[in-house]
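# Architecture at a glance
Listed below are the residues making up each chain.
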Amino acid sequence: MTQSAASGLTFKSPLLFEQGHAGRSGASLPEAGVPAADPAALFGDLYRAGGTPLPELSEPEVFRHYVRLSQQNFSVDTGMYPLGSCTMKYNPKVNEWAARLPGFARIHPWAPESSVQGALALMWHLERALAEICGMDGVSLHPAAGAQGEMAGLMMIHAYHRAQGRSPKKVLIPDTAHGTNPASTALNGLTPVAFPVGDSGVVDPEVFAASVDDDVAALMLTNPNTVGLFERHLPKLAAMVHDKGGLVFGDGANLNALMGRARPGDLGIDVMQFNLHKTFTTPHGGGGPGAGPVGYKALLAPYAPAGDVVKSEDGRFSFATPGPGSIGRLRAFHANFGMLVRAYAYIRELGAEGLKLSTDLAVLNANYLRVCLGETWHETFEGPCMHEVVIDDHHLHDQHVSTLDVAKRLMDYGFHPPTIYFPLVVHGAMLVEPTESESKQTLDEFVEVMATISREAMEDPEQVRSAPHVTRLGRLDETRAARKPVLRWTPPQPASDPEG
Ligand SMILES: *Cc1c(COP(=O)(O)O)cnc(C)c1O
């Protein structure tokens, strides 16, 4: 039995470090054919005098430890993971094959350009594919994640205004926005200014007009927005901002609801980030890895980050020399390259028609859930949604059952909970995003489980309030688990020797 320091809970399965026996090993090496050297003579002070108090284990024990750990985690490979906004779609395994090809996986970031023409060609083609999908004039693959793509886009906007001899400060952001939007704004020395979207869930041009003035550097808008609704007034909002000399940044995290059907560039967006790990399939979660390319219209090209790939007349690929206006580098080397391979494989596998179908299925699945869940659950916004739907815990208030309880209970039934309490403007929100990956049977099962939980909340609320019941750990102190995770095993200290 071991104690988890983070949770204070006791659990049964022994940790690797408490197992093992002295002398047990997973390796069988032949006798050395040369005389043993004296390590102390070779390494001097660096040579450790005693052994390390690490467990000694056989190969199956080590293997079982890691497989057991993997089973304690939920993944999209084991079940539906409807985490709204994060887009946990199935990641085709052929992408993994492509990313692991030695010619891609084993190249060194300092390898001479002449020896990595294939990798550069892939980057060049991916830049063009993304630009085409989004109606942008250029794409830089450089940023490391969606948030860094936002950062890059706003840096470019900032540089653009400075080049015009202007210094507008405000970035208008609707109150439904993802927290990274105001954070990227503030990191750029600009001022995030929130404005309300109201009951309809989308930006109302008349309400918005009150916020637009000469001090607006940019409007930052997610479309479809974080409540899963299409911002249908976007062209009008963009025109209002452009009239005052401002630009429009599109948060592209929800591009999986548009690709193949509409292009942000055609709707008035000047610069946007892509979340390759969401829209174009890469295993993600737990903080990474990510890839957040930034797409831009021609007027922002002089400020694009360093690291664009160019193709010469004779068909050779190389990294472009950044111009004097470039915002430069945001990170070492050239993006998380394996993710670029996965995104490219996904785009080429699906093709134009397949990307469109993926969008259609994501939207169809979300609307199927909206209608079916709506029979039991309170639908926050009326009418059709895009790729995700918001429901809330409205009808459970009298039972003192909350969204958190529902999320925990879902785990007992084998579903990952949806995103909860986001967007912040919806009280008790559950943001459900099924993605295009799920079958009708799985969606029906989810609906049935949600109806069961609602019934339990009415008949036996404690059953829901005390969930989860089948997981290895129950309810953790989530703040401490996130802020002060105990990730390191510390060997028990040997009893101190009074003589020494
Ligand atoms: C995920 C997300 C982001 C941030 O992207 P990361 O890749 O996680 O940095 C920004 N905006 C929205 C709406 C998102 O869903």
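Rules behind the numbers
- Residues numbered from 1 in each chain as written.
- Predicted model: local features only at pLDDT ≥ 70, side-chain atom pairs only at ≥ 80, totals over all residues.
- Heavy atoms only, no water.
- Domains from an automatic or database assignment.
- Contact = heavy atoms within 4.5 Å.
- Buried area = accessible area lost by both parts, 1.4 Å probe.
- Salt bridge = Lys/Arg side-chain N within 4 Å of Asp/Glu carboxyl O.
- Polar contact = N/O pair within 3.5 Å; in protein donor to acceptor, adjacent residues only side chain to side chain.
- Nonpolar A, V, L, I, M, F, W, Y, C, P; charged D, E, K, R; others polar.
- Patch = residues over 30% accessible without salt bridge, like charges linked within 9 Å, V, L, I, M, F, W, Y side chains within 5 Å.
- Areas by Shrake-Rupley, 256 points an atom, 1.4 Å probe, with all protein chains shown as cover.
- Helix = DSSP H or I, 4+ residues; strand = E, 2+ residues; numbered from the N terminus.
- Disulfide = S-S within 2.5 Å.
- Buried < 20%, exposed > 50% of the residue type's maximum accessible area, 1.4 Å probe, protein only.
- Near = heavy atom within 4 Å.
- Pairing = 2+ DSSP bridges.
- Axes fitted to C-alpha atoms, helices over the stretch in contact; angles between N-to-C directions.
- Expected span 1.5 Å × (residues − 1).

## Here we look at the domain arrangement of the chain
Domain boundaries in the chain define domain 1 (94-349) and domain 2 (359-475). Averaged C-alpha coordinates put domain 1 and domain 2 at centres separated by 31 Å. Across the boundary between the two partners, domain 1 contributes 21 residues, which contact 18 residues of domain 2. Here domain 1 packs against domain 2, burying approximately 1400 Å² in sum over the two surfaces, 59% of which is carbon and sulfur. At the boundary of domain 1 and domain 2, one finds one salt bridge. Residues Asp360 and Arg261 are paired through a salt bridge, measuring 2.8 Å at the closest nitrogen-oxygen approach. Where domain 1 meets domain 2, there are six residue pairs in polar contact (both at pLDDT 80 or more). Here the residues of the side of domain 1 that touches domain 2 are counted per class, giving nine nonpolar, nine polar and three charged.

## Digging into a nonpolar patch on the surface
Taken together, Leu42, Phe43, Leu46 and Tyr47 make up a surface patch of nonpolar side chains, about 500 Å² in accessible area. By secondary structure assignment, the location of Phe43 is in helix α1 (residues 39-43).

## Overview of the state of the cysteines
In the structure shown here, the tally under the stated rule is zero disulfides. Sulfur of Cys134: no disulfide; nearest cysteine sulfur belongs to Cys86 and is 19 Å away. We note that Cys372 lacks a disulfide partner, and the nearest cysteine sulfur, in Cys385, lies 12 Å from it.

## Concerning the pattern of salt bridges
Throughout the structure, instances matching the rule amount to 18 salt bridges. When the shortest N-O distance is used, the salt bridge between Asp213 and Lys170 registers 2.8 Å. Note that Asp213 is positioned in the loop between α8 (205-209) and β6 (216-222) and Lys170 in strand β4 (residues 170-174), a separation of 43 residues in sequence. The class for Asp213 is partly exposed, based on a relative accessible area of 29%. You can call Lys170 buried: its relative accessible area is 18%. For the salt bridge of Lys408 with Glu478, the shortest nitrogen-to-oxygen distance reads 2.8 Å. Of this pair, Lys408 sits in helix α12 (residues 403-412) while Glu478 is found in helix α15 (residues 478-483), placing the two residues 70 residues apart along the sequence. Its relative accessible area of 46% is what places Glu478 among the partly exposed residues. What you see here is one network of salt bridges that share partners, running through Glu96, Arg100 and Arg342.

## Quick word on the site of the ligand
Around the ligand, the neighbouring residues are Ser85, Ala145, Gly146, Ala147, Glu150, His178, Thr180, Asp251, Ala253, Asn275, His277 and Lys278. Contact distances for the ligand include 2.8 Å between an oxygen atom and a backbone N or O atom of Ala147. Residue His277 places a side-chain N or O atom 2.7 Å away from an oxygen atom belonging to the ligand. Coverage of the ligand by the protein chains reaches 87% of its 380 Å² of free accessible surface. Contributions of two or more residues to the shell around the ligand are made by α6 (146-163) and α10 (276-279). For the shell around the ligand, the element with the highest residue contribution is α6, accounting for three residues. When the residues that make up the shell around the ligand are grouped by side-chain class, the tally is three nonpolar, six polar and three charged.

## Structural notes on the sheet that holds strand β9 (residues 294-296)
Reading across the sheet, the seven strands line up as β3-β9-β8-β7-β6-β4-β5 and stay open at both edges, with mixed pairing between neighbours. Each edge of the open sheet carries a strand with a single partner, namely β3 (138-140) and β5 (191-195). This sheet shows a mean twist of 25° between the axes of neighbouring strands, independent of strand direction. This element, α6, spans β4, β6, β7 (247-252), β8 (271-274) and β9 of the sheet and lies at about 175° to β7.

## Considerations on the sheet that holds strand β14 (residues 419-420)
Ordered by their spatial adjacency, four strands build an open sheet running β12-β13-β15-β14, and the pairing between neighbours is antiparallel. At either margin of the open sheet sits one strand with a lone partner, and together these are β12 (378-379) and β14. Note: strand β13 (residues 389-392) against strand β15 (residues 429-432), four bridges, orientation antiparallel. Directly across from Asp392, in β15, lies its bridge partner Ala429.

## Overview of helix α13 (residues 440-459)
With 20 residues, α13 extends 28 Å between its outermost C-alpha atoms, agreeing within 8% with the 28 Å of an ideal straight helix rising 1.5 Å per residue. Taken together, the buried positions of α13 are occupied by Thr442, Leu443, Phe446, Val447, Val449, Met450, Thr452, Ile453, Ser454, Glu456 and Ala457. Tucked inside the fold, the buried residues of α13 contact α11 (337-373), β13, α12, β15 and α14 (461-465).

## Describing the side chain of Asp405
Take Asp405: it is sitting in helix α12. In this structure the side chain of Asp405 is engaged in a polar contact, spanning 3.0 Å, whose partner is the side chain of Arg475. Not counting residues within four places of it along the chain, the set of residues in contact with Asp405 comprises His400, Val464, Arg465 and Arg475.

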